[in-house]
Amino acid sequence: MEHAATALAHESARQMFGPLVDHELAAADAAALRSHLHACPECQEGLVRYQRAVSLVRETPRLGAPADFAHRVMKRIRKRRRAGTGPQGEQLLGHWNASGEAVAAVVLAALAAALVIFALL
């Protein structure tokens, strides 16, 4: 039964990693987490991996779409609707320009970062 209590303590400690790194953890919880970390090398390593993942995500350059991106997309959609020739469904993917690809790259980078964080927990 002691193993279940230890596992719960590990799980509770891991759930505090995010608030600790974001400086949002209450003082009493931070003290309890530090106490657990002092006695638990497994959670110490988990916190180091979590901090490393957060640091990588925060250091990742932010890419943005050009200022007029939404305007150009809407203009193209309206033009194609009026002409009745616009692509439908999956065909839209083949018509992305470089700006659309940049947005997709940002989304994929965010998903990759989330997967790294998930894998490290």
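Residues numbered from 1 in each chain as written. Predicted model: local features only at pLDDT ≥ 70, side-chain atom pairs only at ≥ 80, totals over all residues. Heavy atoms only, no water.

J.: Explain a positive patch on the surface here, please?
T.: A grouping of K75, R76, R78, K79, R81 and R82 is seen on the molecular surface, where their side chains present a positively charged patch. Here R82 is to be found in helix α5 (residues 69-83). The exposure class assigned to R82 is exposed, which follows from its relative accessible area of 66%. (Patch = residues over 30% accessible without salt bridge, like charges linked within 9 Å, V, L, I, M, F, W, Y side chains within 5 Å. Areas by Shrake-Rupley, 256 points an atom, 1.4 Å probe, with all protein chains shown as cover. Salt bridge = Lys/Arg side-chain N within 4 Å of Asp/Glu carboxyl O. Lys, Arg positive; Asp, Glu negative; His and termini not counted. Charge placed at Lys NZ, Arg CZ, Asp CG, Glu CD. Helix = DSSP H or I, 4+ residues; strand = E, 2+ residues; numbered from the N terminus. Buried < 20%, exposed > 50% of the residue type's maximum accessible area, 1.4 Å probe, protein only.)

J.: Where do I start with a nonpolar patch on the surface in this structure?
T.: Taken together, the side chains of V73, M74 and I77 define a hydrophobic patch exposed on the protein surface, amounting to about 210 Å² of accessible area. Along the chain, V73 falls in helix α5.

J.: Help me understand the nonpolar core, please; the structure alone is not making it clear to me.
T.: Membership of the largest hydrophobic core comes to 13 residues, with the highest contact counts inside it found for F17, L33, L37 and C43. Secondary-structure elements contributing two or more residues to this core are α2 (17-21), α3 (27-39) and α4 (41-59). Top element by residues in this core is α4. It accounts for 4 residues. Leave out the neighbours within four places in its chain, and L37 touches F17, C43, Q44 and L47. (Core = buried A, V, L, I, M, F, W, Y, C linked by side-chain atoms within 4.5 Å. Contact = heavy atoms within 4.5 Å.)

J.: I tried to follow the pattern of salt bridges on my own but got confused; where do I start?
T.: A side chain of one charge can pair with a side chain of the opposite charge if their charged atoms are brought near each other. Throughout the structure, instances matching the rule amount to 3 salt bridges. Note that E42 is salt-bridged to R14, the shortest N-O span being 2.6 Å. Note that E42 is positioned in helix α4 and R14 in helix α1 (residues 2-15), a separation of 28 residues in sequence. Look at E42 and you get partly exposed, because its relative accessible area is 48%. Between R58 and D22 there is a salt bridge whose closest N-O contact spans 2.5 Å.

J.: When you look at unusual backbone geometry in this model, what are you seeing that I'm missing?
T.: For residues other than glycine, phi is negative in most cases, and the peptide bonds are mostly trans. A positive phi angle, close to 60 degrees, is found at H23, a residue other than glycine. Along the polypeptide, H23 turns up in the loop between α2 and α3.

J.: Help me understand the side chain of H36, please; the structure alone is not making it clear to me.
T.: Relative to the elements of secondary structure, H36 occurs in helix α3. For H36, a relative accessible area of 18% gives the class buried. At 3.4 Å, the side chain of H36 and the side chain of H10 are in polar contact. Apart from the residues lying within four places of it in its own chain, the contact partners of H36 are A9, H10, A13 and C43. (Polar contact = N/O pair within 3.5 Å; in protein donor to acceptor, adjacent residues only side chain to side chain.)

J.: Honestly, the confidence of the model for the protein chain in this entry has me stumped. Any pointers?
T.: Of the residues in the protein chain, 73% have a pLDDT of 70 or more, and the chain-wide mean is 78. Averaged pLDDT values over the elements of the protein chain bottom out at 68 in helix α6 (residues 98-120) and peak at 95 in α2. Overall, residues 1-5 carries pLDDT values under 50, and its contacts beyond four positions in sequence, including any with other chains, amount to 0 contacts. (pLDDT = per-residue confidence, 0-100.)

J.: Explain the environment of P66 to me, please; I cannot follow it from the model alone.
T.: Assignment of secondary structure puts P66 in the loop between α4 and α5. Between the C-alpha atom of P66 and that of V103, which follows or precedes it by 37 residues, the distance is 9.6 Å.

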